[in-house]
Amino acid sequence: MESPKTPSIQEATVIIIGAGPSGLATAACLTHLSISYIILEREDCSAPLWKNKSYDRLHLHLPKQYCELPHLPFPKTTPKYASKHEFTTYIDDYIGHFHIKPLYKRCVEMAKYDEDAKKWHVKVKNGEEVYKGRFLVVATGETSDPYLPEFEGLSTFRGKVVHSTEFKTGKEYKGKNVLVVGAGNSGMEIALDLANHGANTSVAVRSPIHILSRGMAHMGLLLVKYISLNMVDSLVMMLSKLVYGDLTKYGISRPEEGPFLMKVKYGKYPVIDVGTFKKIQSHEIQVLPGVASIRGNDVVFSNGHSHPFDAIVFATGFCRSTNKWLQGDEYLLNEDGLPKPSYPDHWKGERGLYCVGLARRGLHGSAADALNVANHINQLL
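No experiment lies behind these values; they were computed from the predicted model shown. (Residues numbered from 1 in each chain as written. Predicted model: local features only at pLDDT ≥ 70, side-chain atom pairs only at ≥ 80, totals over all residues. Heavy atoms only, no water.)

Structural notes on the overall build of the chain
Per the secondary structure count, the chain includes 10 helices and 20 strands. Rg of the C-alpha trace for the chain: 22 Å, near the compact-globule value of 21 Å for 381 residues, within the 12% margin. In terms of principal-axis extent, the alpha carbons of the chain reach across some 65 × 60 × 40 Å. Across the 381 residues that make up the chain, the buried fraction comes to 50%. (Helix = DSSP H or I, 4+ residues; strand = E, 2+ residues; numbered from the N terminus. Rg over C-alpha atoms; globule rule 2.2 N^0.38 Å. Buried < 20%, exposed > 50% of the residue type's maximum accessible area, 1.4 Å probe, protein only.)

Focus on the packing of helix H1 (residues 21-32) against helix H3 (residues 84-97)
Following both chains from N to C, one finds H1 and H3 inclined at 30°, their axes separated by 11 Å at the closest point. Regarding the angle of H1 to H3, the classification is roughly parallel. Once H1 is placed against H3, the crossing between them reads as left-handed. Taken together, the residues of H3 that come into contact with H1 (itself represented by Pro21, Leu24, Ala25 and Ala28) are Phe87, Ile91, Tyr94 and Ile95. Its residues assigned to classes, the contact of H1 with H3 shows eight nonpolar, no polar and no charged. (Axes fitted to C-alpha atoms, helices over the stretch in contact; angles between N-to-C directions. Parallel < 35°, antiparallel > 145°, perpendicular 65-115°, else oblique. Left-handed = near helix turned anticlockwise from the far one by under 90°. Contact = heavy atoms within 4.5 Å. Nonpolar A, V, L, I, M, F, W, Y, C, P; charged D, E, K, R; others polar.)

Side note on the layout of surface pockets
Computed from the structure, the second largest pocket encloses a volume of approximately 240 Å³. If you trace the second largest pocket, you find 17 residues lining it, with Val264, Pro341, Tyr343, Ala359 and Arg360 closest to the centre. Its residues assigned to classes, the lining of the second largest pocket shows eight nonpolar, four polar and five charged. (1 Å grid on protein atoms, 1.4 Å probe; cavity = no way out; pocket = protein on both sides within 12 Å on 5 of 7 lines; lining within 4 Å. Points joined across faces, edges and corners; volume = space filled by probe spheres on them.)

Points about the packing of aromatic side chains
Under the criterion given, the structure shown has 14 aromatic pairs. Summarising the aromatic geometry, the rings of Tyr244 and Phe277 are spaced 5.0 Å apart at their centres and angled 85° between planes, so their arrangement reads as edge-to-face. Pair noted here: Tyr244 is in helix H6 (residues 229-244) and Phe277 is in helix H8 (residues 276-281), with a separation of 33 residues, a long-range link. As far as burial versus exposure is concerned, Tyr244 and Phe277 are alike and both buried. Between Trp347 and Tyr354 the ring centres are 6.2 Å apart and the planes differ by 10°, which places this aromatic pair in the stacked class. A single burial state applies to Trp347 and to Tyr354, both of which are buried. Positioned over the ring face of Tyr81 is Arg214, at 4.1 Å from the centre of the ring. One Lys or Arg, Lys263, reaches over the ring of Tyr269 and ends 4.3 Å from the middle of that ring. (Phe/Tyr/Trp six-rings, centres within 6.5 Å; stacked < 30°, edge-to-face > 60°. Lys NZ or Arg CZ within 6 Å of the ring centre and 35° of its normal.)

Points about the packing of H6 against helix H7 (residues 259-266)
Between H6 and H7, whose axes approach to 7 Å, the crossing angle comes to 130°. Between H6 and H7, the angle is such that the two are oblique. Residue-level inspection shows Leu229, Val232, Asp233, Val236 and Met237 of H6 in contact with H7, the latter providing Pro259, Phe260, Leu261 and Val264. Across the contact of H6 with H7, the residue classes break down as eight nonpolar, no polar and one charged.

Quick look at the structure:
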C-alpha cells in the first residue's frame, strides 16, 4: 500500500485566485512593484469566460479606454469597441508583456489563514499542492459560476436547454422557436444573433430595464465626472425616451430609478442596444413576460399564456462559490461572494485578504481595484 504523498509547498508574498482580467491586472500591478506572487486558475487558460464561455458576436459595450488594464493601453489599431477576439488578443499580449505565468487547472479547495505563521494557506483539489502567502487576493470575478433558475417543469422540456455561457452563434437555431430567458446585455444580444440567423426568437423580460445606445452610455460616463448622478440620469433617460419612445408598446417598462444610480446601487447594468430594439420594433423578436413554469415543450408565462419552443437559452447571470472554499473571513465577502464593505473601500479585508473585480464596476473597476490592492500591499511590506 502506497503512503500518501506529501503535498508540495510553494510560497510567494501574494497568492492570487483567478486568472481572468482582475487577477491578471493584479499580477501586473504587483510585477510593476517587484512583489512576488503566485496566480492560480481553475480552468485551462487565462480569461476563460472570454475565451471559452462567451458568444461569438460579443464586443465590449464601452469604449476601449474604459476597459484597458493597468500599465498597458490597447493598441491604437484596436477599434473603439473591441471585439471578443481583439480583447482576448489584448489579454494574451498583456500576459506576455508582464511575463505572467498562471498555474492552470488549480481549482481551489480551501483557503485559510494560519494565525501562527501569519500566512494564508491555499490548497487545490488534487491534494498534492499547497500555496502560502502573506496576502491573498480573491480575483475570481462576478461571473464565476453560471446560474440556472429552477423553474417548475424544466426537466420535462424536450428541447435544447443551454446557459448563455454555452451559446456561441444562432446558426444552428435557424427556423426554430427559441426563447431567451433574461433581458440583460447578454440576453438581448443573443436574441439579436438568433434573429439575425433566422430563428423565431422570443425574449422573456421579467423586470423593468433601461435601454441606452452606446453613445448615451459613453456620454453618461463622461458627464458623471462633472455633474451629479441624478442630473446624468435625468439627461440620459430623457434621451432614451426620445430615441426609443414608449417601451410599454413592446411589453417593456422602464425602472423608476435612473440607469447610473442602479449601476452604483445594485450593480445592475442598463441594456446597451446594438440592434436588438429594431428587431423588437419590427416584431422579429417577440417580448414575453417572465416565465412561470414549463410543461413539456410549452412554456407558461406570468400572464397565464403559453407558447411552444424548440430551445431555451438561459441568460440568467452568475453566482459565486467563494464561500465554499474561503474560510475564516467574516468581514470582506458575503455569502454570495460580493464585498460587504461599501465602495470605495470594498477591496480591503482583514489579515491580508483583498478582492479585485467584485464591486460590479466592470473592467474599469477591476483595474482600479488592482492598483489599490498592489499599492496597499507595497505600503505594508
